[in-house]
Amino acid sequence: MSKDRRYSFEFFPTKTDAGHEKLLATARQLAGYNPDFFSCTYGAGGSTRDRTVNTVLQLESEVKVPAAPHLSCVGDSKDDLRGLLQQYQAAGIKRIVALRGDLPSGMGMASGELRYANDLVSFIREETGSHFHIEVAAYPEMHPQARNFEEDLVNFVRKANAGADSAITQYFFNADSYFYFVERVQKMGVNIPIVPGIMPITNYSKLARFSDACGAEIPRWIRKQLEAYGDDSASIQAFGEQVISDMCERLLQGGAPGLHFYTLNQADPSLAIWNNLQLPR
Ligand code: FAD
């Protein structure tokens with residue numbers, strides 16, 4: 001893939017065999033676009049531990065695209081994390097997305113020994129040296145639990161200083177928030193690549209629910225337009241594709257070091273944007 005920009009696709013591990021087969025079919029289709037890597041999410045507290053491991057190993061060995069497991073520390077012991085790191089290292093996995101995670105409701109209080117993602121980054125470095133390329137999360141519109149924007153920036157810098165190699169952002173619909181975030185952390189001495197996380201728009205009610213929970217703002221002009229389409233999913237998708245393609249174009253023109261697509265295990269919405277942007281295959 002491109003030497004100066006990187007492109008990646010994210011999946012979530014599924015509960016059913018049928019869902020898993022669909023994920024693999026999607027991954028095979030996307031593999032034809034020669035992405036730099038695939039990533040696979042991890043249910044905090046280990047709720048998807050085996051499914052994440054199996055999916056990552058299959059993406060790497062069968063679909064033959066470098067695969068990066070997400071790993072979260074909020075409900076896992078150091079022994080659990082060490083075991084996973086050893087398993088991934090033995091399988092030749094080279095990249096990890098290191099997160100604090102959010103425990104699913106009903107799983108009680110966090111029980112992990114590491115509290116924040118910067119602790120996990122330090123732990124991975126202590127255990128495995130420079131083996132893994134470590135990605136961390138970035139929040140151009142502020143993490144929803146942060147006390148304020150400035151503290152969130154400081155906490156992002158902690159992750160870079162602990163040894164993160166690059167970052168992937170939470171999704172956003174306002175390119176200015178991304179540019180502002182990058183500028184601010186660069187002024188704080190952090191120069192790791194910060195890759196925008198891109199969420200294709202396919203369904204308004206799900207997007208609105210999810211955005212509320214993760215603190216991503218849907219600008220009023222987008223929200224109003226999507227609301228007006230009601231059940232007309234073809235119009236929602238066409239409008240969403242245009243809005244996101246335009247934003248990605250602006251991001252890349254403004255110097256974003258690549259794009260990371262939240263696929264939700266579907267190929268077409270991400271590929272529509274990819275093709276509109278005429279990204280390299
Ligand atoms: P942190 O960087 O630890 O930050 C969490 C909060 O604590 C922030 O408000 C921060 O300001 C504050 N903070 C951080 N460090 C400190 C410190 N040292 N002292 C005091 N305060 C601090 N969730 C999953 O469960 N599984 C996944 O696979 C997953 N994948 C994701 C992938 C991406 C690209 C992104 C952007 C998010 C993902 N998430 C995932 C969601 C993520 O786990 C949540 O947003 C979680 O609430 C925060 O994780 P973090 O790694 O950003 O945490």
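Residues numbered from 1 in each chain as written. Predicted model: local features only at pLDDT ≥ 70, side-chain atom pairs only at ≥ 80, totals over all residues. Heavy atoms only, no water.

Under an unreviewed UniProt entry, the protein has the name Methylenetetrahydrofolate reductase and belongs to Pseudomonas fluorescens. UniProt lists a comment for the protein under the heading Cofactor (unreviewed entry), and it reads "FAD". The record in UniProt for the protein states the following under Sequence similarities (unreviewed entry): "Belongs to the methylenetetrahydrofolate reductase family." (UniProt positions renumbered as here; feature names shortened; annotations may be inferred.)

A. Quick peek at the overall build of the protein. Each helix and strand in the protein was counted, giving 10 helices and nine strands. Taking 19 Å as the expected radius of gyration for a compact globule of 281 residues, we find that the protein reaches 18 Å, a close match to that expectation. For the C-alpha atoms alone, the extent of the protein along its principal axes is close to 50 × 45 × 45 Å. Scored against the burial criterion, the 281 residues of the protein give a buried share of 50%. Long-range contacts, defined as pairs at least 24 residues apart, comprise 79% of the intrachain contacts of the protein with a sequence gap of at least 6. Taken as a whole, the protein presents about 13,100 Å² of accessible surface, with 46% of it coming from carbon and sulfur. Looking at charge distribution, the protein has the averaged site of its 28 positive side-chain charges lying 1 Å from that of its 33 negative ones. (Helix = DSSP H or I, 4+ residues; strand = E, 2+ residues; numbered from the N terminus. Rg over C-alpha atoms; globule rule 2.2 N^0.38 Å. Buried < 20%, exposed > 50% of the residue type's maximum accessible area, 1.4 Å probe, protein only. Contact = heavy atoms within 4.5 Å. Areas by Shrake-Rupley, 256 points an atom, 1.4 Å probe, with all protein chains shown as cover. Lys, Arg positive; Asp, Glu negative; His and termini not counted. Charge placed at Lys NZ, Arg CZ, Asp CG, Glu CD.)

B. A look at the site of the ligand. What surrounds the ligand is a group of 24 residues, the closest being Tyr 42, Asp 102, Tyr 139, Asp 152 and Lys 159. Within the backbone of Arg 100, an N or O atom sits 2.8 Å from an oxygen atom of the ligand. Within the contact set of the ligand, an oxygen atom lies 3.1 Å away from a backbone nitrogen or oxygen of Gly 101. Looking at side-chain class alone, the shell around the ligand contains 10 nonpolar, nine polar and five charged residues. (Near = heavy atom within 4 Å. Polar contact = N/O pair within 3.5 Å; in protein donor to acceptor, adjacent residues only side chain to side chain. Nonpolar A, V, L, I, M, F, W, Y, C, P; charged D, E, K, R; others polar.)

C. Geometry of the packing of helix H1 (residues 17-31) against helix H2 (residues 49-63). Where H1 meets H2, the axes come as close as 11 Å, and the angle between the chain directions of the two elements is 40 degrees. The orientation of H1 relative to H2 falls into the category oblique. Crossing of H1 over H2 shows right-handed handedness. Here H1 contributes His 20, Leu 23, Leu 24, Ala 27, Arg 28 and Ala 31 to the contact with H2, which in turn contributes Thr 55, Gln 58, Leu 59, Glu 62 and Val 63. Residues belonging to the contact of H1 with H2 are distributed by class as follows: six nonpolar, three polar and two charged. (Axes fitted to C-alpha atoms, helices over the stretch in contact; angles between N-to-C directions. Parallel < 35°, antiparallel > 145°, perpendicular 65-115°, else oblique. Left-handed = near helix turned anticlockwise from the far one by under 90°.)

D. Fine view of the packing of helix H9 (residues 233-253) against helix H10 (residues 268-277). Two elements in contact, H9 and H10, have axes separated by 9 Å at closest approach and are oriented at 50 degrees. Taken together, the axes of H9 and H10 lie oblique to each other. Crossing geometry of H9 relative to H10 is assigned as right-handed. Along its contact with H9, which presents Glu 241, Ile 244, Ser 245, Cys 248, Glu 249 and Leu 252, the element H10 presents Ala 272, Ile 273, Asn 276 and Leu 277. When its residues are assigned to classes, the contact of H9 with H10 shows six nonpolar, two polar and two charged.

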